[in-house]
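Listed here are the chains, written in short residue letters.
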Amino acid sequence: MRDLLDGLWRDEDFTAWYPRDGRPGLSPAQLATVCVLQFLLGLSDRQAAEAVRCRIDFKYAMAMELEDPGLHHSVLTDFRDRLAEDGRADRLLDLALMRRKEAGLVRERTMQRTDSTHVLAAVRDLTCLELIAEALRAALEEIAGISPHLLDGLVDEDWGLRYGRPVRLGKNPTKPMTRILATGHDAVRLLEHLYRHGADRASGPRVQALLQIMMQNYHRDAAGRLRWCSAHPHRVHPCSP
């Protein structure tokens, strides 16, 4: 697409976005391209700026020289603020679609069938994964703030990597159900660890919320294995043997 179109946008498409006076800034067409790549790859502003600085594919997409130092991550926030004004994002998408059609890269709209059941199931799994992971992270933060010694012997480096920051699923997270079960096992370990130190240790509101989510969404099968099921007729306490 880069070879055929020389980019989806040109700087002239953004003339109305900026004042006529002042010193020249970064190419708005390049910034728009960065925002698209950032969204597709699920990158933060700092990660996107680092990719522009270091990755050849980013430099190629933006028609930059290999030695180009890139941009500061803060400019992406300012550009998105401008993008959010007055329906500009929709107009940019329409412009990109028109140019792709003119280049023969996109055909006119036709009928397309999709398995909506599969799509809805995938979205549900991702929502459930975010729910349980964020609930567990919030409970850990609550305990760390009140009685951090209770986490000794339980929280290790792997837990820090998984729950040390808000969950980031990316655009296409792999094996969400496997991760839902793995996170559920971690939550059970935490709750069992707290109860071994006395039930009063698990009375914080975030821990109680985690326990409620576990009881509503997990059960143990006949073999005692933890399972995810949002509507199971034989719900049991996930920490029960």
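Each remark here, short or long, concerns the structure printed above.
Residues numbered from 1 in each chain as written. Predicted model: local features only at pLDDT ≥ 70, side-chain atom pairs only at ≥ 80, totals over all residues. Heavy atoms only, no water.

**Topic: the packing of aromatic side chains**
Quick note on the threshold: Pairs were defined over the aromatic rings of Phe, Tyr and Trp, the Trp ring being its six-membered one, requiring ring centres within 6.5 Å. Orientation was assigned from the angle between planes: stacked under 30 degrees, edge-to-face over 60, tilted for the rest. Labels follow the DSSP assignment, with helices taken as runs of H or I lasting at least four residues and strands as runs of E lasting at least two, numbered in each case from the N terminus. For every residue, the accessible area obtained with a 1.4 Å probe (protein chains only) is divided by the maximum for its type, and the residue is called buried under 20%, exposed over 50%, and partly exposed between those limits.
Counted under the stated rule, the structure contains 2 aromatic pairs. Ring centres of Phe14 and Phe79 lie 6.2 Å apart, and the angle between their planes is 50°; this geometry places the pair in the tilted category. With Phe14 in the loop between helix H1 (2–5) and helix H2 (28–41) and Phe79 in helix H5 (residues 74–83), this residue pair connects regions lying 65 residues apart in the sequence. In terms of burial, Phe14 and Phe79 fall into one category: buried. Seen from their ring centres, Trp159 and Tyr163 are 5.7 Å apart, and the 75° between their planes marks the pair as edge-to-face. Taken together, the residues Trp159 and Tyr163, both in helix H8 (residues 157–163) and 4 residues apart, mark about one turn of the helix.

**Some words on the nonpolar core**
We count it as follows: Here the nonpolar core consists of buried residues drawn from Ala, Val, Leu, Ile, Met, Phe, Trp, Tyr and Cys, with membership extended through side-chain atoms lying within 4.5 Å.
If you look at the biggest cluster of nonpolar residues, it comprises 27 residues, and the most contacted ones within it are Leu136, Leu140, Ile143, Leu190, Leu210, Met214 and Tyr218. Broken down by element, this core gets its largest block of residues, 8 residues, from helix H7 (residues 116–146). Trp9, Ala29, Val34 and Met64 belong to the second largest nonpolar core, which has 25 residues in total.

**Here we look at helix H6 (residues 88–102)**
Given 3.6 residues to a turn, an α-helix orients residues that are three or four positions apart in the same direction. Selection criterion: Take the number of residues in a helix, subtract one, and multiply by 1.5 Å to get its expected span. Along the arc lie the directions from the helix axis toward the C-beta atoms.
Given a rise of 1.5 Å per residue, 15 residues ought to cover 21 Å, and the 21 Å separating the end C-alpha atoms of H6 matches this to within 8%. Among all positions in H6, only Arg88, Leu92, Leu95, Ala96 and Arg99 are buried. Around the axis of H6, the buried residues are gathered within 95° of arc, so they sit on the same side. Residues of H6 that are exposed and point over 90 degrees away from its buried face: Asp90, Leu93 and Asp94. One or two positions beyond H6, positive phi appears at Gly104, with a value near 80°.

**Quick notes on helix H9 (residues 176–196)**
Between its first and last C-alpha, H9 extends 30 Å over 21 residues, near the 30 Å set by a 1.5 Å rise per residue. If you check which residues of H9 are buried, you get Pro176, Ile180, Thr183, Gly184, Asp186, Ala187, Val188, Leu190, Leu191, His193 and Leu194. Two residues or fewer past H9, Gly198 is found with a positive phi of approximately 105°.

**As for the pattern of salt bridges**
This is how the line gets drawn: One side-chain nitrogen of Lys or Arg within 4 Å of one carboxyl oxygen of Asp or Glu is enough to make a salt bridge.
Under the defined criterion, the tally for this structure stands at 11 salt bridges. For Arg162, the salt bridge is made with Asp186, and the minimal N-O distance between the two is 3.1 Å. Of this pair, Arg162 sits in helix H8 while Asp186 sits in helix H9, and the two are 24 residues apart along the sequence. By relative accessible area, which is 8% here, Asp186 ends up buried. With its nearest N and O atoms 3.2 Å apart, the salt bridge here joins Arg227 to Asp221. Using a relative accessible area of 32% as the deciding quantity, one classes Arg227 as partly exposed. Residues joined in a network through salt bridges with shared partners are Glu134, Arg137, Glu141 and Arg206.

**Overview of the packing of H2 against H5**
Inclusion rule: Every axis corresponds to a line fitted to the C-alpha atoms, with the helix fit spanning only the stretch in contact, and the corresponding angles, defined between N-to-C directions, vary from 0 to 180 degrees. We call two directions roughly parallel when the angle between them is under 35 degrees, roughly antiparallel when it is over 145, roughly perpendicular when it lies between 65 and 115, and oblique otherwise. Contacts: residue pairs with any heavy atoms within 4.5 Å of one another. Throughout, the ten residues Ala, Val, Leu, Ile, Met, Phe, Trp, Tyr, Cys and Pro are labelled nonpolar, Asp, Glu, Lys and Arg are labelled charged, and all others, Gly among them, are labelled polar.
Between H2 and H5, the shortest axis-to-axis distance is 10 Å and the interhelical angle comes to 95°. Considering their axes alone, H2 and H5 lie roughly perpendicular with respect to each other. On the side of H2, the interface is formed by Pro28, Leu31, Ala32, Val34, Cys35 and Gln38, while H5 contributes Val75, Leu76, Phe79 and Arg80. Residues of the contact of H2 with H5, tallied by class, amount to 8 nonpolar, 1 polar and 1 charged.

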